[in-house]
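Overview (structure and organization)
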Amino acid sequence: MKSVKVYGPGCKRCETTATMVKEAAEKLGIAVDVEKVTDPKAIALAGVMSTPGIAIDGKLVHTGGLPEAAKIEGWLRA
Amino acid sequence: MSTELPLSTPRHGWSWHLGVVAFLILWALIYQQLQPLSEGLTSLLPVERHSHTGEAIAFFLYDVPKVLFLLTLIVFAMGVVRSFFSPEKTRAALSGRREGVGNIMAAGLGVLTPFCSCSAVPLFLGFVSAGVPLGVTFSFLIAAPMVNEVALVLLFGLVGWPVALTYLGFGLAIAVVAGWVIGKLRLEGWLQDWVRDLHSGASSPATVTDTPLTLVDRYRQGITAVRDILAKVWLWVILGIGMGAVIHGYVPQELMARIMGADAWWSVPAAVVMGIPMYTNAAGVIPIVEALLGKGAALGTVLAFMMSVIALSLPEMIILRQVLTLRLIAVFIGVVASGILAVGFLFNLLF
């Protein structure tokens, strides 16, 4: 089970990103637990300055803008 | 970890470069023909060309494609340029920077760094926690929304380059000076308590390891920028220019000059106050600006209105309320509004 955190104040892009992560995981058959982090303090402490940000198992893999689906699959597989 | 496939193999690079060159040539060819095309279209309609309706329609048919063409080109170019910048690099450049130089750099970087107003709070926290002085952070936060390529393109396309350059210069000046003043006031104590406690700890967070971008990746980012921004502003451009066309064709010149002309001293503060609760992007406000200017409204008053609409917005204040106390927000509004007022009065005096 991979723990994925999507950092963002709850704008539309952040929602989309969370959905994209879930879809990618389903496609790859990887079990994930996707948590949306909306608290500004928690976002700042994670080192995310441009949202949405994605961390997988505690490691930040992406910040700023919608990620590409292919990249998400790459991060999940790694 | 970074095992993701490169998005494009170098082999395809040349076809991208050729594509971009072909696009630029095609762009220039069509852009030159816009005026005759729009006149041709207008003449097909069953209205007298020099009637009010004819004027309004010709204005609309020429300005809408012109603005959309200019936006496409400049937003693409800025998308490519911005791919060289990131909030993380900007923070590293600004942290521990002294006030003065720091304010100037922050205002400049505010224009070049990719920034979305929904990221304003995390960005603010990221800057302050890494030791970027408060005033320098504000210079960035003022410049980022106010001096943007959409505003500059629209001013250039609709009003001309002297006004666009003036806007650029004064927008940066306000960001530098307002940030510097806020820094001098030593208001760090007016941050929300937990923000002050954040000063330690978050300063060296794990950053994403970048894979170096190829030029093709940067083109892709430019295209993404065009798609995002045009999708957001096209309706505003059409509505705004439509509104502008109506003013252009119908509103009598004397009325506008009396309300917004240089003689009425109160017009500048009134424009600033009216602009604060209004929230639209540059695209929505600038066509109105053009039509107002064309009808004799004073340049300073109109620019003050535009800066106020873009730079001081209630939704943004509500977002920043999470990290700033009301007192600090009040100072922020006060300082920036004073800067805009000064620019408005100065312009009305000079021109």
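Scoring rules and cut-offs
- Residues numbered from 1 in each chain as written.
- Chains lettered and ligands numbered in written order.
- Predicted model: local features only at pLDDT ≥ 70, side-chain atom pairs only at ≥ 80, totals over all residues.
- Helix = DSSP H or I, 4+ residues; strand = E, 2+ residues; numbered from the N terminus.
- Buried ≥ 20, exposed ≤ 12 C-beta atoms within 10 Å, placed from the backbone.
- Contact = placed C-beta atoms within 7 Å.
- Axes fitted to C-alpha atoms, helices over the stretch in contact; angles between N-to-C directions.
- Parallel < 35°, antiparallel > 145°, perpendicular 65-115°, else oblique.
- Nonpolar A, V, L, I, M, F, W, Y, C, P; charged D, E, K, R; others polar.
- Pairing = 2+ DSSP bridges.
- Domains from an automatic or database assignment.
- UniProt positions renumbered as here; feature names shortened; annotations may be inferred.
- Left-handed = near helix turned anticlockwise from the far one by under 90°.

1. A short note on the overall build of chain A
- Scanning chain A for helices and strands turns up three helices and four strands.
- Taken from N to C terminus, the helices and strands of chain A fall in the order β-α-β-α-β-β-α.
- In terms of overall dimensions, chain A has C-alpha extents of about 30 × 20 × 15 Å along its principal axes.
- Considering chain A as a whole, with its 78 residues, one finds that 41% of them fall into the buried category.
- Of the contacts made within chain A by residues no fewer than 6 positions apart, 64% connect residues no fewer than 24 positions apart.

2. Overview of the overall build of chain B
- Each helix and strand in chain B was counted, giving 16 helices and zero strands.
- Considering chain B as a whole, with its 351 residues, one finds that 42% of them fall into the buried category.
- Long-range pairs, those at least 24 residues apart, make up 87% of the contacts in chain B with a sequence separation of at least 6.

3. Things to note about the packing of helix α3 (residues 87-94) of chain B against helix α4 (residues 101-112) of chain B
All names here are of chain B.
- At their nearest, the axes of α3 and α4 sit 10 Å apart, and the two run at 170° to each other. When the interaxial angle is binned, α3 and α4 end up roughly antiparallel. The residues of α4 that touch α3, namely those facing Thr90, Ala93 and Leu94, are Gly102, Met105, Ala106 and Leu109.
- Along the lines of polarity and charge, the residues of the contact of α3 with α4 split into five nonpolar, two polar and no charged.

4. Side note on the environment of alanine 78 of chain A
Residues and elements named next belong to chain A.
- In this structure, alanine 78 sits in the segment after α3 (69-77).
- Note on alanine 78: 14 C-beta atoms within 10 Å, which makes it partly exposed.
- Note: C-alpha distance between alanine 78 and serine 50 (28 residues apart in sequence) is 23 Å.

5. Focus on the pairing of strand β4 (residues 59-63) of chain A
Residue and element names in this part refer to chain A.
- Two strands pair when backbone bridges link them, and strand β3 (residues 53-56) and β4 are joined in this way by four bridges, in the antiparallel orientation. Within the sheet, the bridge partner assigned to isoleucine 56 lies in β4 and is lysine 59.
- Two successive antiparallel strands, β3 and β4, enclose a turn made up of two residues, where aspartate 57 displays a positive phi of approximately 50°.

6. Structural notes on the domain arrangement of chain B
Residues and elements named next belong to chain B.
- Split into domains, chain B comes out as domain 1 (19-82 + 215-241) and domain 2 (87-203 + 251-350).
- Facing 17 residues of domain 1, the contacting portion of domain 2 comprises 15 residues.
- Tallying contributions element by element places helix α2 (residues 52-82) first for the side of domain 1 that touches domain 2, with 10 residues.
- Residues that form the side of domain 1 that touches domain 2 fall into these classes: 13 nonpolar, one polar and three charged.

7. A short note on the sheet that holds strand β2 (residues 32-37) of chain A
All names here are of chain A.
- Strand order in the open sheet formed by four strands is β2-β1-β3-β4, with mixed pairing between adjacent strands. One side of each edge strand has no neighbouring strand; the edge strands of this open sheet are β2 and β4. Here the average twist between neighbouring strands, direction ignored, is 20°.
- In this sheet, β2 lies alongside strand β1 (residues 2-7) in parallel orientation, the contact comprising six bridges. Bridge pairing in β2 places tyrosine 7 opposite valine 37.
- In the packing of helix α1 (residues 12-28) onto the sheet, contacts are made with β1, β2 and β3, and the angle to β2 comes to roughly 175°.

8. Considerations on the UniProt feature "active site" (unreviewed entry) in chain A
Residues and elements named next belong to chain A.
- In the numbering adopted here, UniProt assigns the feature "active site" (unreviewed entry) to Cys11 and Cys14.
- Summarising the element assignment, cysteine 11 is placed in the loop between β1 and α1.
- Residue classification places cysteine 11 among the partly exposed residues on the basis of 16 C-beta atoms within 10 Å.
- In contact with cysteine 14, not counting residues within four places along its chain, are Val6, Gly8, Lys36, Thr51 and Pro52.

9. Points about unusual backbone geometry
- Note the cis peptide between threonine 51 of chain A and proline 52 of chain A, where omega equals -5°.
- Here proline 52 of chain A shows up in the loop between α2 (40-45) and β3.
- With a phi close to 50°, arginine 186 of chain B is a non-glycine residue in the positive phi region.
- Summarising the element assignment, arginine 186 of chain B is placed in the loop between α8 (161-184) and α9 (193-197).

10. Focus on the packing of α8 of chain B against helix α16 (residues 326-350) of chain B
Residue and element names in this part refer to chain B.
- In the contact formed by α8 and α16, the axes pass within 10 Å of each other and the chain directions differ by 140°. Taken together, the axes of α8 and α16 are oblique relative to one another. Where α8 crosses over α16, the handedness of that crossing is right-handed. Taken together, the residues of α16 that come into contact with α8 (itself represented by Phe170, Ile174, Val177, Ala178, Val181 and Ile182) are Val331, Phe332, Val335, Val336, Gly339, Ile340 and Val343.
- A breakdown of the residues in the contact of α8 with α16 according to their chemical character gives 12 nonpolar, one polar and no charged.

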